[in-house]
Amino acid sequence: MSMIPDLTTTAEQRVVLGNVSWGIYLALVEEAGNPRGRLTYDQGDLEIMSPSLSHERISRLIGRMIEMYTFQKGIEILSSRSTTFKQSRRQQGFEADESYYIQHAAQMQGVSEVDMKIHPPPDLVIEVDISRSSELKMRVFAGLGIEEVWRHDGERLAAFLLKGETYESSAASRALPDFPLERANQLLARRDELGEQDLVRRFVEGM
């Protein structure tokens with residue numbers, strides 16, 4: 001019997017469970033044979049997020065824009081997508097919508113399993129939060145030293161940079177300083193009228 005509650009739904013859904021031990025979280029992470037949402041763990045609090053189609057479309061479109069931008073600009077990246085990042089010392093872990101090593105791409109080349117005791121966290125994490133309830137996840141990102149998070153709330157994409165233990169909004173990216181965030185927002189706002197390939201093509205043509 002799976003330890004994951006049934007989250008079969010057509011809409012984004014987040015369930016937060018309290019008093020969950022680190023051992024149970026690790027068991028759920030390893031429970032690969034059972035379907036589950038994305039897991040976020042923070043010192044006893046476990047969030048299980050079941051993404052909607054809209055959620056996945058937004059995250060993938062942002063990912064494709066990043067990948068086309070870095071390809072066109074000759075910037076090397078290493079995609080870590082929804083890899084499970086966890087650290088036992090802090091009792092925290094997460095699975096992002098999209099994540100990238102950029103400044104640390106060369107360092108992570110050839111790494112097959114991430115060990116946060118010796119490897120750096122990703123340089124950029126993408127978080128789509130249509131339900132606007134990402135407080136727990138942002139806390140975990142900060143705790144694990146994620147320097148930059150791009151968050152889309154269903155309406156707009158915004159960059160947040162880590163300052164101390166909290167995030168502050170920023171008009172520009174630190175990991176990709178010249179990335180056209182406003183152009184990306186203009187096109188993401190038209191995602192229901194433009195085909196995916198057309199949207200990405202327009203983004204590339206506007207760079």
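Right above here is the structure, for reference.
These figures come from a predicted structure and were not determined experimentally. (Residues numbered from 1 in each chain as written. Predicted model: local features only at pLDDT ≥ 70, side-chain atom pairs only at ≥ 80, totals over all residues. Heavy atoms only, no water.)

K.L.:
A description of the sheet that holds strand β1 (residues 13-17) should follow, citing residues and the corresponding values.
P.N.:
The sheet built from five strands is open, its strands ordered β1-β3-β2-β6-β5 with antiparallel pairing. Where the open sheet ends on each side, the last strands, each with one partner, are β1 and β5 (84-87). Strand-to-strand twist in this sheet, taken as the mean axis angle between neighbours without regard to direction, amounts to 15 degrees. (Pairing = 2+ DSSP bridges. Helix = DSSP H or I, 4+ residues; strand = E, 2+ residues; numbered from the N terminus. Axes fitted to C-alpha atoms, helices over the stretch in contact; angles between N-to-C directions.)

K.L.:
Any details on the packing of helix α5 (residues 181-188) against helix α6 (residues 196-205)? Residues and values, ideally.
P.N.:
Between α5 and α6, the shortest axis-to-axis distance is 10 Å and the interhelical angle comes to 155 degrees. Classed by the angle they form, the pair α5 and α6 counts as roughly antiparallel. Once α5 is placed against α6, the crossing between them reads as right-handed. Contact with α5, carried on its side by R183, A184 and L187, involves L199, R202 and F203 of α6 and no other residues of that element. Here the contact of α5 with α6 is composed, by residue class, of four nonpolar, no polar and two charged. (Parallel < 35°, antiparallel > 145°, perpendicular 65-115°, else oblique. Left-handed = near helix turned anticlockwise from the far one by under 90°. Contact = heavy atoms within 4.5 Å. Nonpolar A, V, L, I, M, F, W, Y, C, P; charged D, E, K, R; others polar.)

K.L.:
How would you explain the sheet that holds strand β8 (residues 124-128) if you had to name every residue and give the values?
P.N.:
Spatially, β4-β7-β8-β9-β10-β11 is the arrangement adopted by the six strands of the open sheet, whose pairing is mixed. A strand with exactly one partner marks an edge of an open sheet, and here the two such strands are β4 (78-79) and β11 (166-170). Pairing analysis gives three bridges linking strand β7 (residues 98-101) to β8, with the strands arranged antiparallel. Counterpart to E98 in the pairing with β8 is I126.

K.L.:
Explain the pattern of salt bridges to me, using residue names and the numbers behind them.
P.N.:
Counting across every chain of the model gives 22 salt bridges. Between R14 and D129 there is a salt bridge whose closest N-O contact spans 3.1 Å. Of this pair, R14 sits in strand β1 while D129 sits in the loop between β8 and α4 (135-143), and the two are 115 residues apart along the sequence. With a relative accessible area of 17%, R14 lands in the buried category. Look at D129 and you get buried, because its relative accessible area is 0%. Residues E182 and R156 are paired through a salt bridge, measuring 2.9 Å at the closest nitrogen-oxygen approach. A residue pair is termed long-range when its members are at least 10 positions apart, and E182 in helix α5 and R156 in the loop between β9 (148-152) and β10 (157-163) qualify at 26 residues. Beyond isolated ion pairs, a larger network of salt bridges with shared partners links R14, E47, E127, D129, K137 and R151. (Salt bridge = Lys/Arg side-chain N within 4 Å of Asp/Glu carboxyl O. Buried < 20%, exposed > 50% of the residue type's maximum accessible area, 1.4 Å probe, protein only.)

K.L.:
I'd like a rundown of the nonpolar core, residues and numbers included.
P.N.:
Nonpolar side chains in soluble globular proteins generally cluster together in the buried interior. Core analysis: the biggest nonpolar cluster contains 26 residues, and I62, M65, I66, L124, W150, L176 and F179 have the highest contact counts within it. Listed by contribution, the elements that provide at least two residues to this core are α2 (53-73), β8, β10, α5 and α6. Considering each element in turn, this core owes the most residues, six residues, to α2. In this structure I62 touches I126, W150, H152, L157 and L188, once residues within four positions along its chain are discounted. Ranked by size, the runner-up nonpolar core spans 20 residues in total, among them Y101, M138, F141 and V149. (Core = buried A, V, L, I, M, F, W, Y, C linked by side-chain atoms within 4.5 Å.)

K.L.:
Can you tell me about the packing of aromatic side chains, naming the residues and giving the values?
P.N.:
Aromatic ring pairs: the centre-centre distance and the angle between the two ring planes describe each pair. Taken as a whole and judged by the stated rule, the model has nine aromatic pairs. Plain terms: the ring middles of F179 and F203 are 5.6 Å apart, the flat faces sit at 35 degrees to each other, and that makes the pair tilted. With F179 in the loop between β11 and α5 and F203 in helix α6, this pair connects stretches of sequence that are 24 residues apart. Across the pair, exposure class does not vary: F179 and F203 are buried alike. Through a chain of ring-to-ring contacts, three or more aromatic side chains come together here, namely Y69, W150, F179 and F203. (Phe/Tyr/Trp six-rings, centres within 6.5 Å; stacked < 30°, edge-to-face > 60°.)

K.L.:
I'd like to hear about the side chain of Q87, residue by residue, with values.
P.N.:
With respect to the helices, strands and loops of the structure, Q87 is situated in strand β5. At 3.2 Å, the side chain of Q87 and the side chain of R89 are in polar contact. Not counting chain neighbours up to four residues away, the residues in contact with Q87 comprise W22, Q92, M116 and L144. (Polar contact = N/O pair within 3.5 Å; in protein donor to acceptor, adjacent residues only side chain to side chain.)

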